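Listed below are the residues making up each chain.
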Amino acid sequence: MYTPDMLKRDCDALRAAGVRTTSIGRSVLGRDIPALFIGREGGASVIVTAAIHARESLTARLVMRQAEHLRRSKLFGGGIWFVPMVNPDGCLFAARGMGAFDGLPPTAFARERALMSALSIDTPPALFKSNIRGVDLNVNFAAGWGRGARNVRAAGAENYIGPHPFSEPETRALRAFTQAVAPLATLSYHAKGRELYWYFGQDPAAAARDRRIAHTLNKRLGYRLVDGDMASAGGYKDWCIAALKIPAFTVEIIDDARPHPLRDGDLKPDIARNLELPRILLREATRA
Ligand SMILES: [Zn+2]
């Protein structure tokens, strides 16, 4: 488990070491969604995101390890933006259950409290993927929204697309940030399965380019390269490909044999092969 407080502590440490940190916006409960930048300002960049799914907070820990590792590296071209925890409310809910509301005014967020309390009767908080309103943020983007094979139309622990695309402050914040940065490419971390996804209906020329980059990334990862979209839709990667026309990748870390909820130790075997991935992506996207 990796909580928003732990992330804040680690961001503060990197800021003290000279890394630029900022916030891309706020969650439903008003928590900051932090971002960090390493490299040269004003050049081309890529965006790395993680923990858009509540139960996947270990991906945020991985991304912070990447930032720490790469901040002293020579980068090809410009720089790398990290958004380690797109869903801070969800990650805290997965860690603490209804304790995620501690410290907030007792009369505030009555609807969210009632909803999450009801939903957690069926699903333990540690298994949730959604945000604090029961929306799965990674099916809330305007890219084939509502056409995913596993989409559902009611709030829940996972797969709820929301009332409309970008209904959630977290997805709106990531959209605005991505549009402002105009990255060459994006990389989204999820868990689990050790897979790399790159396809979402792009035209043949873009598909050839993106598959080539995916192949290079996977030389480092040694995961399973997936050439289809697996009937998913509405994800951040999907939106980057369809709306921004840029290469975008989803990496599922951690051996599929490890059960949810994942334990801290489950991350360790995947750290080394991922540390350099953002640097490789920046290099490949710059050359593409
Ligand atoms: Zn995920």
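Refer to the preceding data block for the structure.
None of the values given here were measured: they were computed from a predicted structure.

(A) Main features of helix 9 (residues 277-287). All of the buried residues in helix 9 are L277, P278, R279, L281, L282, E284 and A285. The inward-facing, buried residues of helix 9 abut strand 3 (45-49), helix 2 (58-70), strand 4 (79-83), strand 5 (185-191), helix 6 (204-221) and helix 8 (268-274).

(B) Just helix 7 (residues 236-244), in detail. Listing the buried residues of helix 7 in full gives Y236, K237, D238, W239, C240 and I241. Taken together, the buried residues of helix 7 touch strand 3, helix 5 (169-181), strand 5, strand 6 (195-197) and strand 8 (248-253). Positive backbone phi, approximately 60°, marks K245, located one or two places after helix 7.

(C) Highlighting the pairing of strand 1 (residues 20-26). Here five bridges tie strand 1 to strand 2 (residues 32-39), and the two strands are oriented antiparallel to one another. When the bridges of strand 2 are listed, T22 appears paired with A35. Counted along the chain from strand 1 to the antiparallel partner strand 2, the turn is five residues long, and its residue G30 has a positive phi close to 90°.

(D) Fine view of the nonpolar core. By size, the foremost hydrophobic cluster in this structure holds 84 residues, and its most contacted members are V46, V63, I80, F82, V83 and F249. Residue contributions to this core peak at seven residues, all from helix 2. Filtering out sequence-adjacent residues up to four positions away, F249 remains in contact with L187, S188, L196, Y197, W198, A214, L217 and K237.

(E) Region of interest: unusual backbone geometry. The residue after H260, namely P261, is reached through a cis peptide bond having omega -5°. Assignment of secondary structure puts P261 in the loop between strand 8 and helix 8. One non-glycine residue, A51, adopts positive backbone phi at about 50°. Among the secondary structure elements, A51 is positioned in the loop between strand 3 and helix 2. You can call A51 buried: it has 31 C-beta atoms within 10 Å. Of note in this structure, I254 is not a glycine but carries a positive phi near 75°. Relative to the assigned elements, I254 resides in the loop between strand 8 and helix 8.

(F) Local environment of the packing of helix 6 against helix 9. Orientation of helix 6 relative to helix 9, taken along the N-to-C sense of each, is 155°, at an axis distance of 10 Å. On the basis of the axis angle, helix 6 is roughly antiparallel to helix 9. Note that helix 6 runs across helix 9; the crossing there is right-handed. Residues I213, T216, L217 and R220 of helix 6 touch helix 9, and the partners they reach there are L277, I280, L281, E284 and A285. Broken down by class, the residue content of the contact of helix 6 with helix 9 amounts to six nonpolar, one polar and two charged.

(G) Structural view of the environment of A231. Its place among the elements puts A231 in the loop between strand 7 (224-226) and helix 7. On the neighbour-count criterion, A231 (11 C-beta atoms within 10 Å) is exposed. Here the alpha-carbon distance between A231 and P34, two residues 197 residues apart in the chain, equals 31 Å.

Conventions we followed
- Residues numbered from 1 in each chain as written.
- Predicted model: local features only at pLDDT ≥ 70, side-chain atom pairs only at ≥ 80, totals over all residues.
- Buried ≥ 20, exposed ≤ 12 C-beta atoms within 10 Å, placed from the backbone.
- Helix = DSSP H or I, 4+ residues; strand = E, 2+ residues; numbered from the N terminus.
- Contact = placed C-beta atoms within 7 Å.
- Pairing = 2+ DSSP bridges.
- Core = buried A, V, L, I, M, F, W, Y, C linked by C-beta atoms within 7 Å.
- Axes fitted to C-alpha atoms, helices over the stretch in contact; angles between N-to-C directions.
- Parallel < 35°, antiparallel > 145°, perpendicular 65-115°, else oblique.
- Left-handed = near helix turned anticlockwise from the far one by under 90°.
- Nonpolar A, V, L, I, M, F, W, Y, C, P; charged D, E, K, R; others polar.

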